[in-house]
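Structural characterization, general
Take a look at the letters that make up each chain.
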Amino acid sequence: MARPSLPGWLTVRRALGLTPPDAEHEIADDLAVEQFERIRERLPALYAVLALVGVAAMVLTPARIDPYTRFGLPLVMTVASMWRYVHWTRLRRVWMGPDESRRALRRMMVSVPVLAGLGAAWATMNFLDASTGDRPLTIVLILLCSLAVGSTAASFPAVVALALVVGLTPITIAMAAKGDGGYLTVAATAWSVAGMTLRLAISELRDVTDNIVLRHQLQRLANTDPLTGIGNRRA
């Protein structure tokens, strides 16, 4: 059966995971829990990667770069990533219901883009200050961070979209401002990959939602008479 058409803004919100599907309250609850379960298994690895990237940024940034750019933002990103790593590692052992899962997802919509923003600020300043030979390293680090976020939060496309926009916009604007054809090509490629990453995240959310709806439909068929809707003896 074809899906009903929706207003454009509502379609976007649902695709990003910001609005539950048209379904029973239990399905919306299961979706929040499933999103959270998938993400909390992946997030510790993401924060470990971000902490390592922060350390690499401090070590690999040329000594001639001012200390604030070289150590300040990477150090903040490293410490914040380590703190979030410990937090999400502890959450792996905690049972989370629907309401707790929604609150955790809302907090993640703030913390992950903030870390992406710190990395983007460092990358942009370093890109503008570095020599031509040192710039590729900066580009590679911020692209790795942004795509790592996208793959980790794939079941919550809203976080993926925020992280990619916050992480890639400053550095790609800086590359475009240089007017160099090579930088423009890299910027266009980065946004193409970002678009593909977001599309995959939307597809994963749709698959998760469809599986939950199907599971509830099967439970209903198993426990009720399909003609009368009355509970059967197995219910």
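Quick look at the structure, then. (Residues numbered from 1 in each chain as written. Predicted model: local features only at pLDDT ≥ 70, side-chain atom pairs only at ≥ 80, totals over all residues. Heavy atoms only, no water.)

**Here we look at the overall build of the protein chain**
Each helix and strand in the protein chain was counted, giving 7 helices and 0 strands. A burial count over the protein chain gives 40% of its 235 residues as buried. Nonlocal contacts in the protein chain, meaning residues at least 24 apart in sequence, comprise 76% of its contacts between residues at least 6 apart. On the protein chain, roughly 12,600 Å² of surface is accessible, and the fraction owed to carbon and sulfur atoms is 66%. (Helix = DSSP H or I, 4+ residues; strand = E, 2+ residues; numbered from the N terminus. Buried < 20%, exposed > 50% of the residue type's maximum accessible area, 1.4 Å probe, protein only. Contact = heavy atoms within 4.5 Å. Areas by Shrake-Rupley, 256 points an atom, 1.4 Å probe, with all protein chains shown as cover.)

**Quick word on the pattern of salt bridges**
What the rule picks out here adds up to 7 salt bridges. Notably, a salt bridge pairs Arg38 with Glu34, separated by 3.0 Å at the nearest N-O pair. A residue pair is termed a helical-turn pair when its members lie 3 or 4 positions apart in one helix, as Arg38 and Glu34 do in helix α2 (residues 25-60) at 4 residues. Among the salt bridges present, the one from Arg40 reaches Glu37, with a minimum N-O distance of 2.9 Å. Within this pair, Arg40 and its partner Glu37 are both found in helix α2, separated by 3 residues, close to a single helical turn. Through salt bridges that share partners, Glu34, Arg38, Arg42 and Glu204 make up one connected network. (Salt bridge = Lys/Arg side-chain N within 4 Å of Asp/Glu carboxyl O.)

**Overview of α2**
Given a rise of 1.5 Å per residue, 36 residues ought to cover 52 Å, and the 51 Å separating the end C-alpha atoms of α2 matches this to within 8%. At Arg42, α2 shows its maximal kink, close to 35°; a proline, Pro44, follows between one and four residues later. (Expected span 1.5 Å × (residues − 1). Bend = angle between axes of the 7 residues up to and from the residue.)

**Some thoughts on the nonpolar core**
Among the nonpolar cores identified, the biggest contains 45 residues, and Trp88 and Met108 are the most heavily contacted of them. Elements represented by at least two residues in this core include exactly α2, α3 (67-91), α4 (98-129), α5 (135-152), α6 (157-178) and α7 (181-223). It is α4 that contributes the most residues to this core, 10 residues altogether. For Trp88, the residues in contact, after removing those within four places along its chain, are Phe36, Arg40, Leu43, Pro44, Tyr47, Ala104 and Met108. Counting residues in hydrophobic clusters, the runner-up holds 5 residues, among them Leu31, Leu205, Val208 and Ile212. (Core = buried A, V, L, I, M, F, W, Y, C linked by side-chain atoms within 4.5 Å.)

**So, a nonpolar patch on the surface**
Where nonpolar side chains cluster on the molecular surface, the patch consists of Val55, Val59, Leu60 and Leu137 and spans about 320 Å² of accessible area. Broken down by element, the nonpolar patch gets its largest block of residues, 3 residues, from α2. Relative to the helices and strands, Leu137 is located in helix α5. (Patch = residues over 30% accessible without salt bridge, like charges linked within 9 Å, V, L, I, M, F, W, Y side chains within 5 Å.)

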